[in-house]
Amino acid sequence: MNDIEVIKAFSEAGYQVSPEAVEIIRSSNSPLALIESVLSTVDESVFVIQPEHIAEYRQTADNIDFNECAGLQSSPASNELHKSDFLSPGKAFTKQPVSGETTSQLLDRSSSTPGSYPTTSFKISDHIFSDSVSSDSVSSDSVSSDSVSSDSVSSDSLSSDSVSSDSLSSDSVSSDSVSSDSVSSDSVSSGPVSSDSLSSDPVSSDSLSSDSVSSGPLSSDPISSSVPGPSKVPLCGAGQALFVGKALGQNPVSVLQDVTGHSSCVGEYMQFVQYFRDRYSRLSEILRGRLNARPMESLRGRSFRRGGDSKSEELSIIGMVSEISSTNNGHKILSLEDPTGSFSVLIRNSDKDLFELASRVLLDEVIGATGKVTNDGNLMIATKLTQPDVPNGGARRTGAKGKAVLISDVHVGSSQFLEEPWLDFLNFIKGESDSESLRLIAKEVRYLVIAGDIVDGVGIYPDQEKELAIEDVYDQYRKAAEYLREIPGHIRVILSPGNHDTVRQAEPQPALPEKVRAYFPSNVTFVGNPSLVDLDGVQILIYHGRSIDDLVASIPGVSYQEPAGAMLEMLKRRHLAPTYGSRVSISPEKKDYFVIDPVPDIIHTGHVHTVGVQRYKNVLLVNSGTWQGQTDFQKRVNLMPVPAKVPVVDLADLGVKLLDFE
């Protein structure tokens, strides 16, 4: 029985397992009997199986024959075969090489980040179903301005009296979902890590929108402002979730989605296939609930004129955006791909609202397009674009009580770490603040959620060592753990990593390694990045937020000064990092952990060192700022961080108060 099989056995039961415990189990005479003994008796409050949970069963399990335990009649020589059959992880890890082809030959858009994974410009029709035949896509060069003139698309064919798409058959093509049960160690390395990309504009307290929370100077009472929560109505359905781990007790935590213990990526071709297949399948399924979409293959080369009727049908398709270009006349062309092929969609610049929406479309996001196809069946003239978005619905009643504190980017170890405000924050959370109003709030705090960069790390950007007060990364973690030990034991701390932490740079990132976790107190629950957790009925999606760099660079109007605007764009696309191969290095796992499904109650990010709070369709969006002052790099790019601002969320109605400890 190998390490992977041991990890899988525990992960399927909802537990993580330490490397030391894996070694003990793997080396025992009867690993399966030992696993069964531990799982049948382990306390439900345990999140990570440690050697001490195994020691008392080791001797007994070593004396049990596997065949007897399983009720099998066979010789001892066949024990290993039966164990393998019982767990059967082999198929999930079978390599599937592509004869005569390399990954570089299959890709035609190279990565812009050194050390990152290749990008997605090999066709979706190739990598969603590798045995399907892709039809030729229409490039911007082949679509001249004449192709959208009245000669090629008659005014009759674009009349408003079109045939409703409801009359079309729903020949949608579903793809088999790919299981993410496979477990391996974190095998994806990343290339050189550049410094955080930050905006050149300083952030003032006046720069936050009316929907966000002001972070300006406060009076003696540090409660700066609040965002009221929604009215209470029944909770919406949460959808299916992958249960990973749990921490029960007074303030329970359930980890619903997390790559920790489930990573199987080694960068093979088929893993890219599975990754994009999973993304397309899940997002297109959301869109099919709103569009009567047809496979793209059924559109190409066919006439859609109905007998003698001069009016054209209006059709819908769903695809992943593989290319964005423009015609000579300034119209925009989106090349969409689905499992059956590709199709070009033209958005005319005369349709102002639609053209503006198309200008915000990103590569690799999944969208729906509705419009009329030209007479030759080679081009769709779009009348509507549909994003997965969050459905409209009533406000949620969580049933929970108390408060959750959201912070990120503490950067312990940095010479710019703001220790004095941080100690004031610790006094608050311990209920020892000088402010009576803060003491009252502290009594209701049940959770502290940290969205990455608990330490400053080492070697994250050039010359970082010149800005470190603690030069050893493990000493940084020891100091961070020392701070967190001051937090009362009844408060559950949920800690997720970021790009400054000691985990792989490729996302999704697993939880901090066991060596680091051992420094922290028992009330800390470690999760990956991103991760979906349930805090006594309130679902919160934790993501450090590195893709905000990509969104700021790609979408007009999105800025570091208002990070909640970038989070809103994620939510509309139902994806935390839509564009593959940009500044965020993404590991092609079998499951796309960046898809926002189910829709959480709260999305919590950090990374950009500014504060933003906004509500969108009953989802609370929070970017929680930093505990680090302005670094030399931030001075060079003229960025002024917004430190020591703490959003506190009321779990009953998701109302927010922003506390200022600076």
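Residues numbered from 1 in each chain as written. Predicted model: local features only at pLDDT ≥ 70, side-chain atom pairs only at ≥ 80, totals over all residues. Heavy atoms only, no water.

Asks: Before we go on, may I ask you to explain the sheet that holds strand S8 (residues 341-347) in this structure?
Replies: Pairing between the strands of a sheet is mediated by backbone hydrogen bonds and can be parallel or antiparallel. Within the closed barrel, the five strands sit side by side as S6-S7-S8-S10-S9. Their pairing is mixed. With direction set aside, neighbouring strand axes in the sheet form an average angle of 55°. Across six bridges, strand S6 (residues 314-326) lies against strand S7 (residues 332-338) in antiparallel orientation. Note on S7: the bridge partner recorded for isoleucine 324 is leucine 334. (Pairing = 2+ DSSP bridges. Helix = DSSP H or I, 4+ residues; strand = E, 2+ residues; numbered from the N terminus. Axes fitted to C-alpha atoms, helices over the stretch in contact; angles between N-to-C directions.)

Asks: Explanation requested: the packing of helix H11 (residues 419-429) against helix H13 (residues 473-484) in the structure shown.
Replies: Describing two packed helices takes the angle between their axes plus the distance from one axis to the other. For the pair H11 and H13, interaxial distance at closest approach is 11 Å and the crossing angle is 35°. Counting all contacts with H11, which are made through Glu419, Trp422, Leu423 and Leu426, the residues of H13 involved are Lys479, Tyr483 and Leu484. Considered class by class, the residues forming the contact of H11 with H13 number five nonpolar, no polar and two charged. (Contact = heavy atoms within 4.5 Å. Nonpolar A, V, L, I, M, F, W, Y, C, P; charged D, E, K, R; others polar.)

Asks: How should the side chain of aspartate 456 be read in this particular structure?
Replies: Structurally, aspartate 456 is set in the loop between strand S12 (445-451) and H13. For the buried aspartate 456, no salt bridge is present, and the opposite-charge side chain at shortest range is arginine 636, 12 Å distant. There is a polar contact of 3.4 Å between the side chain of aspartate 456 and the side chain of glutamine 628. Residues contacting aspartate 456, with those up to four places away along its chain left out, are His411, Val412, Gly413, Ser414, Tyr461, Gln464, Leu468, Gln476, His500 and Gln628. (Buried < 20%, exposed > 50% of the residue type's maximum accessible area, 1.4 Å probe, protein only. Lys, Arg positive; Asp, Glu negative; His and termini not counted. Salt bridge = Lys/Arg side-chain N within 4 Å of Asp/Glu carboxyl O. Polar contact = N/O pair within 3.5 Å; in protein donor to acceptor, adjacent residues only side chain to side chain.)

Asks: For this particular structure, what's the right way to read the nonpolar core?
Replies: The biggest cluster of nonpolar side chains holds 43 residues, and the ones touching the most others in it are Leu571, Ile603 and Leu621. Looking at this core, the elements with two or more residues in it are helix H9 (269-288), S6, helix H15 (548-554), helix H16 (563-573) and strand S19 (619-624). When residues of this core are assigned to their parent elements, the largest contribution, seven residues, is made by H9. Ignoring anything within four residues of it in the chain, the contact list for leucine 571 reads Asp389, Val390, Ile596, Ile603, Tyr616, Val619 and Leu621. One finds Leu438, Ala480, Val503 and Phe526 within the second-largest nonpolar core, a separate group that totals 42 residues. (Core = buried A, V, L, I, M, F, W, Y, C linked by side-chain atoms within 4.5 Å.)

Asks: What is the right way to look at the side chain of aspartate 534 in this model?
Replies: Mapped onto the elements, aspartate 534 comes out in strand S15 (residues 531-535). One buried charged residue, aspartate 534, forms no salt bridge at all, with the nearest opposite charge on arginine 446 at 9.0 Å. At 3.3 Å, the side chain of aspartate 534 and the backbone nitrogen of aspartate 536 are in polar contact. Dropping the residues within four chain positions of it, aspartate 534 is found in contact with Pro252, Val253, Ser254, Leu256 and Gln539.

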